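Descriptive analysis of the structure
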There are 2 protein chains.
Amino acid sequence: MVTDTEPGREILSATDCWDRLREAPVGRLAVIVHSHPEIFPVNHLVDDGSLLFRSAEGTKLAGAVGHVVAFEIDGYDLEAGTAWSVMVKGQAVEVTRMDDIKDILGYPLFPWHIGHKPHFIRIEPISTTGRLYQLARNELTANAGG
Amino acid sequence: MVTDTEPGREILSATDCWDRLREAPVGRLAVIVHSHPEIFPVNHLVDDGSLLFRSAEGTKLAGAVGHVVAFEIDGYDLEAGTAWSVMVKGQAVEVTRMDDIKDILGYPLFPWHIGHKPHFIRIEPISTTGRLYQLARNELTANAGG
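Residues numbered from 1 in each chain as written. Chains lettered and ligands numbered in written order. Predicted model: local features only at pLDDT ≥ 70, side-chain atom pairs only at ≥ 80, totals over all residues. Heavy atoms only, no water.

**Description of the pattern of salt bridges**
For the record, the criterion: Think of a salt bridge as a Lys or Arg side-chain nitrogen and an Asp or Glu carboxyl oxygen that are within 4 Å of each other. Here a strand is any run of E in DSSP of at least two residues, a helix any run of H or I of at least four, and the numbering for each starts at the N terminus. Under the scheme applied here, a residue whose accessible area is under 20% of the maximum for its type counts as buried, over 50% as exposed, and between as partly exposed, the area being computed with a 1.4 Å probe on protein chains only.
Summed over the entire model, instances satisfying the criterion amount to 16 salt bridges over all chains. The partner of Glu72 of chain B in a salt bridge is Arg28 of chain A, with the nearest N and O atoms 4.0 Å apart. Within this pair, whereas Glu72 of chain B is found in strand β7 (residues 68-77), its partner Arg28 of chain A is found in strand β3 (residues 27-33), the two belonging to separate chains. A single burial state applies to Glu72 of chain B and to Arg28 of chain A, both of which are buried. Salt-bridge contacts for Glu38 of chain B lead to Lys89 of chain A; the nearest nitrogen and oxygen are separated by 3.0 Å. One end of the pair, Glu38 of chain B, is in strand β4 (residues 36-42); the other, Lys89 of chain A, is in strand β8 (residues 82-95), on a second chain. Lys89 of chain A carries the same exposure label as Glu38 of chain B, and that label is buried. Put simply, Arg28, Glu72 and Asp74 of chain A together with Arg28, Glu72 and Asp74 of chain B are held in one network by salt bridges that share partners.

Listed below in structure tokens is the structure:
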């Protein structure tokens, strides 16, 4: 970790980013649909230096395949007073051959819900960035009860 | 809640969506930067039927103000076997008069971290959608230890 140019913010190493991506149970995919951004929660899998997720037909699939997308995970530690986020930007491609999924046996890829999701999408990373933030007092509970 | 056209998925009412938006300590903002989507975690506040957040100068501010953006929150309940997400799409405008923020006294708006964030951005909703998903077995822990 190195200190960022902005106060209270540190840059996470690439190794740290990918460790967090492997551990996170769910992330959020942003795609462009009709010229506007949309966000979808997805269950992802780290596979051979890329990200995999499953999708049904629909706006998520159409907005992703063949386009540059963003995938983000985040979390916070109230005791440590820190929050973090990792964003992967990359090209989304559909995986049609199951033997192209290197870790398919080691890491079964469950969908976010029980609907039929026959498509496998891979995000081939263009950039991976991670930030650790020092929180300003008890902000994460500021809205609680509001 | 009504059953969606997709199995295992239910639509959350607008009231339920806004209750969840009020309770969530943090959400994710998607904006378009150089024709590609990016995602930023932000602390938000529900104010008079819209969302407010703070921003420093930078890509988040430039990508948001004057554009249609997406804002998303999600969560899951392993015991109940459900996950949910709420997405607000709306026009982002900068708030320049502090007395335009109706709930500014009731709900102090803390930034995600301690950096200087002088800009207040309001998302005026165009659409608010929420979904509740029945999870397919223990998928949320599928990556743990992977």
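**Here we look at helix α1 (residues 14-23) of chain A**
All names here are of chain A. Defined as follows: Working definition: the arc comes from the directions between the helix axis and the C-beta atoms, pointing outward to the latter. Note on contacts: a residue pair is in contact if any heavy atoms of the two residues lie within 4.5 Å.
Inspection of α1 places Cys17, Trp18, Arg20 and Leu21 among the buried residues, and these make up the whole buried set. Relative to the axis of α1, the buried residues are bounded by an arc of 160 degrees and lie together on one face. Exposed residues pointing more than 90 degrees away from the buried face of α1 are listed as Thr15 and Glu23. Here the buried face of α1 lies against β5 (44-47), β6 (50-55), β7 (68-77), β8 and β9 (119-134).

**Structural notes on the pairing of β7 of chain A**
Residue and element names in this part refer to chain A. This is how the line gets drawn: Two strands form a pair only when DSSP identifies at least two bridges running between them.
Most of β7 is tucked away: 8 of the 10 residues are buried. Of the pairings in the sheet, the one linking β3 to β7 comprises 3 bridges and is antiparallel in character. Looking at β7, one finds that Ala30 is bridged to Ala70. Where β7 lies against β8, 10 bridges are found, and the strand directions are antiparallel. Residue pairing for β8: Gly75 is matched across the bridge by Trp84. Where β7 folds back on β8, the antiparallel hairpin that results is connected by 4 residues, among which Gly81 adopts a positive phi of roughly 70 degrees.

**Quick word on the side chain of Ser85 of chain A**
Mapped onto the secondary structure, Ser85 of chain A falls in strand β8. On the basis of relative accessible area, Ser85 of chain A is assigned to the buried category, the value being 8%. Filtering out sequence-adjacent residues up to four positions away, Ser85 of chain A remains in contact with Leu12, Glu72, Ile73, Asp74, Thr129, Gly130, Arg131 and Tyr133 of chain A together with Pro41 of chain B.

**Description of the packing of aromatic side chains**
Quick reminder of the rule: Side-chain rings of Phe, Tyr and Trp (the six-membered ring for Trp) are treated as a pair once their centres are within 6.5 Å; stacked means planes under 30 degrees apart, edge-to-face means over 60, and tilted covers the remaining angles. Two thresholds decide whether a charge sits over a ring: the Lys NZ or Arg CZ must be within 6 Å of the ring centre and within 35 degrees of the ring normal.
Across all of its chains, the model carries 0 aromatic pairs over all chains by this definition. Over the face of the ring belonging to Trp84 of chain A we find Arg20 of chain A, whose NZ or CZ atom lies 4.8 Å from the ring centre.

**Regarding unusual backbone geometry**
Residues and elements named next belong to chain A. Here the phi dihedral of Ser35 falls at roughly 75 degrees; this positive angle occurs in a residue that is not glycine. Mapping Ser35 onto the fold places it in the loop between β3 and β4 (36-42). For Ser35, a relative accessible area of 55% puts it in the exposed group. Despite not being glycine, Asp48 shows a phi value in the positive range, around 55 degrees. Structurally, the position occupied by Asp48 is in the loop between β5 and β6.

**A look at the environment of Lys89 of chain B**
As a reminder, the rule being used: Residues adjacent in sequence count toward polar contacts only when both atoms are side-chain atoms; beyond that, a polar contact is any pair of N or O atoms within 3.5 Å, and within protein one must be able to donate a hydrogen and the other to accept it.
With a relative accessible area of 16%, Lys89 of chain B lands in the buried category. On a C-alpha basis, the gap between Lys89 of chain B and Ser127 of chain B in space is 5.3 Å, while along the polypeptide they are 38 residues apart. The residues contacting Lys89 of chain B, other than those within four sequence positions of it, are His36, Pro37 and Glu38 of chain A together with Val69, Ala70, Glu124, Pro125, Ile126 and Ser127 of chain B. Within the structure, Lys89 of chain B has its side chain in polar contact with the side chain of Glu38 of chain A (distance 3.0 Å).

**Notes on the confidence of the model for chain A**
All names here are of chain A. Keep this limit in mind: pLDDT is a residue-level measure of predictor confidence that goes from 0 to 100.
Looking at chain A as a whole, the pLDDT averages 83, with 75% of positions reaching at least 70. Counting interchain partners and residues more than four positions distant, the pLDDT-below-50 stretch residues 142-146 has 8 contacts. Predicted as a complex, the structure gets a pTM of 0.83 and an ipTM equal to 0.81.

**Description of the environment of His67 of chain A**
All names here are of chain A. Among the secondary structure elements, His67 is positioned in the loop between α2 (59-64) and β7. On the accessibility criterion, His67 (40% relative accessible area) is partly exposed. When the C-alpha atoms of His67 and Val93 are compared, they prove to be 7.9 Å apart, with 26 residues separating the residues in sequence. Not counting residues within four places of it along the chain, the set of residues in contact with His67 comprises Ala62, Gly90, Gln91 and Ala92.

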